[in-house]
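# Analysis of the macromolecular model
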Amino acid sequence: MSVSKTWVVIIGMTLATLLPRVIPLLLLPGRRMPRGIERWLSLVAPAIMAALLAPELLLVRDTLEGPAFSLFNLNILAAVPTFWVAWKTKSLFGAVATGIAASALLRLAL
Amino acid sequence: MGNKENMQKHASVGFSQANPVLRGAKRSLPVLLGFMPVGMAYGLLAQQLGLGLWDTAGMSLFVFAGASQLMALSMLHGGASVAAIVGATFVINFRHVLMAASLSPMLRVWSKWHCALLGGMLTDESFAIHSVCFAEGDTDPAAAISLNCVIYVAWTAAGCAGYMLGTLIERPEAWGINFALPAMFIGLLMSMLDTRGRPALIAALCGGAVSVALVLAGAESWATLLGALAGASAGYAKGEA
């Protein structure tokens, strides 16, 4: 692939990522929104987190290949103690450390 | 929820630190653990697909979006057109419109510059932390932007490190670091469910289900965006706050 094409892609991607990030924050704050919309927006955060997480857990996929469904994969097993620690301690650091340790130990054990 | 749990939650996001810049930086530490492996994986893949170091670092510096960067590498490798790559990036990152919009009601007193800085460096991870902190009442722009800056520098550094490590790490999954990202999302999700109640649980379950269904259907670039829209709407319709 040529160097110039890579940089054309980078510049195009910069616009494609920057505009959705910045425009709402320049236009929306200070505007009065109906309470219903504010309540809907407060539910966007958990919905996005779950939408990012669920395929990572349930569908093991290679970056370059298509999705492959497999239940009882290591990710699901490692998620069990991670969920538990995250819920009990409310510590983000604890959740990440538990997840990494569980994943490594499971790989050693199985 | 009891007092004890509230104190623990504040401690977990570094609420106690008085200096806002340090407070923001401290909050970034657990998420660094989550996304640095992704940044390194991006650098490694870029190196294997024959990109130069400057291209690799440049994409991290300018694009600053993990999923899109990994996707762009595989599309470049597959010979996709510029328009196809930029279009897919736009679809994947359109979820940031929702994130930025959901933060905006809490930023009434912020200046335009602060808003632009917050938005320009918004990521899934920083959004999640901002969302939790703003809801807890800490809307200091210095803390929020400091967190963004640390993540920005660390993301680029991780990409370069991955590039230079090249093939040194042959099986990163043996160290469990491939699970760091899902573990981070689990931690972030749990702190949101704790404060937002039943509608949030419904939003999460529905968002996850729609996202998985779309990935299975082959519409991977739409999964997060449509999952978020469906989840928030389901939580809104089914749950009473």
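Note that the coordinates shown come from a computational prediction; the quantities given were computed from them, not determined experimentally.

Within chain B one finds 11 helices and 0 strands. Each helix and strand of chain B, placed in order from N terminus to C terminus, yields the pattern α-α-α-α-α-α-α-α-α-α-α. Scored against the burial criterion, the 241 residues of chain B give a buried share of 55%. Entry remark: accessible area of chain B is about 9,600 Å², with carbon and sulfur atoms responsible for 68%.

A few words on helix α9 (residues 141-165) of chain B. Given a rise of 1.5 Å per residue, 25 residues ought to cover 36 Å, and the 36 Å separating the end C-alpha atoms of α9 of chain B matches this to within 8%. Following α9 of chain B by one or two positions, G166 of chain B has its phi on the positive side, about 50°.

As enumerated under the stated definition, the model contains 6 aromatic pairs over all chains in all. Taken together, a centroid distance of 6.4 Å and an interplanar angle of 20° make the contact between Y42 of chain B and W155 of chain B stacked. Of the two residues, Y42 of chain B is situated in helix α2 (residues 20-48) and W155 of chain B in helix α9; the sequence distance between them amounts to 113 residues. The residues Y42 of chain B and W155 of chain B share a single accessibility class, namely buried. Pairing W110 of chain B with F134 of chain B gives two aromatic rings, centres 5.9 Å apart and planes at 75°, and the pair type is edge-to-face. In this pair, W110 of chain B sits in the loop between α6 (95-103) and α7 (112-120) while F134 of chain B sits in helix α8 (residues 124-135), placing the two residues 24 residues apart along the sequence. Aromatic rings pair up to connect F35, Y42 and W155 of chain B into one cluster. Taking the ring centre of W87 of chain A as reference, the NZ or CZ of K90 of chain A above it sits at 3.5 Å.

Criteria and thresholds
- Residues numbered from 1 in each chain as written.
- Chains lettered and ligands numbered in written order.
- Predicted model: local features only at pLDDT ≥ 70, side-chain atom pairs only at ≥ 80, totals over all residues.
- Heavy atoms only, no water.
- Helix = DSSP H or I, 4+ residues; strand = E, 2+ residues; numbered from the N terminus.
- Buried < 20%, exposed > 50% of the residue type's maximum accessible area, 1.4 Å probe, protein only.
- Areas by Shrake-Rupley, 256 points an atom, 1.4 Å probe, with all protein chains shown as cover.
- Expected span 1.5 Å × (residues − 1).
- Phe/Tyr/Trp six-rings, centres within 6.5 Å; stacked < 30°, edge-to-face > 60°.
- Lys NZ or Arg CZ within 6 Å of the ring centre and 35° of its normal.

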